[in-house]
Amino acid sequence: MLQPLEVAQVFRACPESRFAFHSTAELDSLDPLSGHRRASEALDFGAAMRPRGFNLFVLGEAEHLARQLVLPYLQARSARGEVPSDCCYLHNFDDPSTPRQLRLPAGMGRVLRGDIEQLVEELRVAIPAIFDSDEYQNRLQELKQAMSERQRDLIETVRREAREHDIVLLSTPNGFSLAPAEGEGMMSPEAYEKLPKEDRERLEGTVEILQRKLQQAIRQMPRLAHELRQQTQTLNEEMLQSVIAAPLEELEARYREQEGVIAHFSAMREALLLHLEVFLEEDPEIPPEAIFSRCQLNLLVDNGPCEGAPVVQVDLPSHQHLVGRIEHHVHQGTLLTDFSLIRAGALHRANGGYLVLDARALLQQPGAWDTLKRALRAGEIRTESLEQAYGLISTVTLEPEPIPLEVKVVLCGERQFYYLLSEHDPEFLELFKVQADLDDELPWDDAFLEEYARLIATLAGEVGLAPLAPSGVAAVIERAARLAGDQQRLMAQARPLKDLLAEAAHWAGEATLITRGHVEQAVVQQRRRAGRVHELSQERIQRGTVMIATDGEVVGQVNGLSVLQLGGFAFGQPSRITATARPGAGQVVDIEREAKLGGRLHTKAVMILSRWLAHRYAPQGALSLSASLAFEQSYGGIEGDSASVAEACVLVSAIADVPLRQSLAVTGSINQHGEVQAVGGVNEKVEGFFAVCREAGLAGQGVILPAANVPHLMLDAEVREAMAEGRFFLYAITHLDEALALLTGLDPGEADAEGAFPEASLNARVVARLDAFHQALKRQGKANGDSEGSGKEANGHDG
């Protein structure tokens, strides 16, 4: 007879004596990647690979990957890396719509920006001052006076020649006029008429000649004015050069090794000279401040304070947050922008270092995934709006020069995202060639126990909790094994452990150490907060609303076990499984499938047990059976194969007409040879049935489970106490026959060489019942044949 499991087999205790410390405050902090050797090696490899495309995808629990594992690792590594260049944008004097990018050694951008600002401040004062100076005004006056004298000399030359010929040159509001002279004045018309004809003709001819010379002199006036303007422009440029030459030459000497800076200084000089008039006019079309603003430096990223390569994490990786944005300001109802309104994105800040992104958050942002791929594929950052990138707008805006990109992107996310992207995005594996797969669980062995204690101490210290006593550490380790569902493994995910430690610290109150009692109270409270549905389910069973028997024997009825997962809380509950059997054509009807409530895995399990049934009891012929299986009072979907052992047992019970013990619940799956296979949620299933039996009265009930699941048992203390007192039992089986023996109390029996089972065995009863079904089918077939023959004779007689 199969013996029940011992209490020591259903729980692995962590001995407090294993720890030599009095408090976790004595322990050193633990490297977050300790225990994740495979992932650590992958991170080392991916971070060291410089060729394009060797970005990383870290697989695991996204909630704590970035902050608690990846970031500390990258920050430690980046401290040994080179500090990247500063990233700047400059006004493009040739094409203002395409600002120029400028890369400078780390820290130089801030210095250059300060130097340019100081230069602009100096010029803002010095330029107006030089044009208001006495030197400039005197020289300008000299130019104007000299030009006036030249203009006057041209007119005076004509005037003197006219006087020599008795003609006077008169200045009038409408210009100059030539007339015959009389004395010092103009001859009167009457006097002119009295002159002899020859004199009048001579005067008229002379006036005509002088008129032409006067016109020639007047035509030289615009040329002289233009010459004056050129001289004035030359003077202005000379005066402006005297102001800007020295400071610009000083800066050019200081930055002589930076070609981009020298080119910008040269463009500044040309721009100031080109727009010289704005400093002279009272109301210029372009204000001087506009010219000065074009000379400034937009320091996009200042890496001066960095120590090593930058590590940047973005919580909201939208398109703009990745590649930056171009801001606008409103001027007279119009949106305006320029190079100074370009803002950096995460790719700019992480350039030359590491960018850490949450894969789920990235995929949720419109266009962000394509934006990241485009930047990595092209090896450059284009700062543009999402509308520009997709050609949705046609308005004039800036198109900044792309910035070369050299960054290591680290995506953190659940495994499903990695596999889905690998399958559906052909570019994904080209851009993210390295996967770092973190372990969800860590080994529980003596060598690692001390490290896990340090991990607990590290997690408690990160959130400022009280240290733990050895008993508290032992309780956390036992809980971690329960969360992992394995006596040999411990949960590696930080969030549940941190939550447990925080709650234990709350229940510890003012205590200096967190002990086992505090941890166990935290677990109890966690279950209570999430246990409303579980308690409601138990109440329905107690009141008989949901029918579950925990004593007696019934034919064609067994207690199966299932697990319900609600958010982060899972609990087990029993389900009544029933079966019927009658003569038929070898069909096992899965009522759940027929009602479209059964999932694919459950349908597969029913088909497997149908083949097992046929192979065992009708290996050479047809199975004369029509049977049905149903989960009673189940109104939702049924999925999984963990009930196939129970379904096989209840089918055998219905066929053989042998009752099954209702004090036992069953879980486990079978293959076509009747071997029992491991299932999930075994702890929750055992505790769920135990809770039902406890309310009904513990009297030797128990659970039959796969032997392969014994190492997964980490049962509650209450279950262990009942087992120790002999009021609750667990049976581990490897073959279906062991479950049948426990449930029926009969020996299943082994077939002899001819395939016959012992007469008193359970299997012999099944075969005998199936033979009876077969004979019943034969009798029914013969009766149907006789009835058809009589019908034919009657029809012939009538004819």
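Values in this document were obtained by computation on a predicted structure and should not be read as measured data.

Colleague: Where do I start with the packing of helix H18 (residues 494-508) against helix H19 (residues 516-530) in this structure?
Modeller: The relative placement of two packed helices comes down to the angle between their axes together with the axis-to-axis distance. Where H18 meets H19, the closest approach of the two axes is 8 Å, and the angle between their N-to-C directions is 110 degrees. Taken as axis vectors, H18 and H19 run roughly perpendicular relative to one another. Only His518, Val519, Gln521, Ala522, Val523, Gln525, Gln526 and Arg529 of H19 make contact with H18, whose side of the interface consists of Asp499, Leu500, Glu503, Ala504, Trp507 and Ala508. Classifying every residue of the contact of H18 with H19 by side-chain character gives 7 nonpolar, 4 polar and 3 charged.

Colleague: Would you take a moment to explain the side chain of Asp486 for this structure?
Modeller: Locating Asp486 in the fold gives a position in the loop between helix H17 (470-484) and strand S19 (489-491). The side chain of Asp486 sits in the buried core without any salt bridge; Arg489 is the nearest counter-charge, 5.5 Å away. At a separation of 2.8 Å, a polar atom in the side chain of Asp486 contacts the main-chain amide nitrogen of Gln488.

Colleague: What am I meant to see in the nonpolar core here?
Modeller: A general feature of soluble globular proteins is that nonpolar side chains tend to end up buried together. With 49 residues, the main nonpolar core has Leu613, Tyr617, Leu625, Val645 and Ile704 as its most contacted residues. Where this core is concerned, the elements lending two or more residues are strand S22 (569-582), helix H22 (600-617), strand S24 (626-631), helix H23 (644-656), strand S26 (664-666), strand S30 (728-733), helix H26 (736-744) and helix H27 (762-798). Looking at which element gives the most residues to this core, the answer is H23, with 10 residues. Beyond its immediate chain neighbours, meaning those up to four positions away, Leu613 contacts Val588, Ala618, Leu623, Leu625, Leu651, Val652 and Ile655. Grouped together as the second largest cluster of nonpolar side chains are 40 residues, Leu442, Ala453, Ala480 and Ala508 included.

Colleague: I keep staring at the packing of aromatic side chains and nothing clicks. Help me out?
Modeller: With the rule as written, the count across this model stands at 18 aromatic pairs. Plain terms: the ring middles of Phe57 and Phe428 are 5.8 Å apart, the flat faces sit at 80 degrees to each other, and that makes the pair edge-to-face. Linking Phe57 in strand S1 (residues 56-59) with Phe428 in helix H15 (residues 428-431), this pair joins segments that are 371 residues apart in sequence. By the burial criterion, Phe57 is buried, and Phe428 matches it. Ring centres of Trp369 and Phe432 lie 6.0 Å apart, and the angle between their planes is 25 degrees; on these two criteria the pair is classed as stacked. Within this pair, whereas Trp369 is found in helix H12 (residues 368-378), its partner Phe432 is found in the loop between H15 and strand S17 (434-437), the two being separated by 63 residues in sequence. Neither residue differs from the other here; Trp369 and Phe432 are each classed as buried. Linked through ring pairs, Phe57, Trp369, Tyr418, Tyr419, Phe428 and Phe432 together constitute an aromatic cluster. It is Lys433 that lies over the ring of Phe54; its NZ or CZ is 5.8 Å from the centre. Against the face of Phe11 rests Arg720, its NZ or CZ located 3.7 Å from the ring centre.

Conventions used here
- Residues numbered from 1 in each chain as written.
- Predicted model: local features only at pLDDT ≥ 70, side-chain atom pairs only at ≥ 80, totals over all residues.
- Heavy atoms only, no water.
- Axes fitted to C-alpha atoms, helices over the stretch in contact; angles between N-to-C directions.
- Helix = DSSP H or I, 4+ residues; strand = E, 2+ residues; numbered from the N terminus.
- Parallel < 35°, antiparallel > 145°, perpendicular 65-115°, else oblique.
- Contact = heavy atoms within 4.5 Å.
- Nonpolar A, V, L, I, M, F, W, Y, C, P; charged D, E, K, R; others polar.
- Buried < 20%, exposed > 50% of the residue type's maximum accessible area, 1.4 Å probe, protein only.
- Lys, Arg positive; Asp, Glu negative; His and termini not counted.
- Salt bridge = Lys/Arg side-chain N within 4 Å of Asp/Glu carboxyl O.
- Polar contact = N/O pair within 3.5 Å; in protein donor to acceptor, adjacent residues only side chain to side chain.
- Core = buried A, V, L, I, M, F, W, Y, C linked by side-chain atoms within 4.5 Å.
- Phe/Tyr/Trp six-rings, centres within 6.5 Å; stacked < 30°, edge-to-face > 60°.
- Lys NZ or Arg CZ within 6 Å of the ring centre and 35° of its normal.

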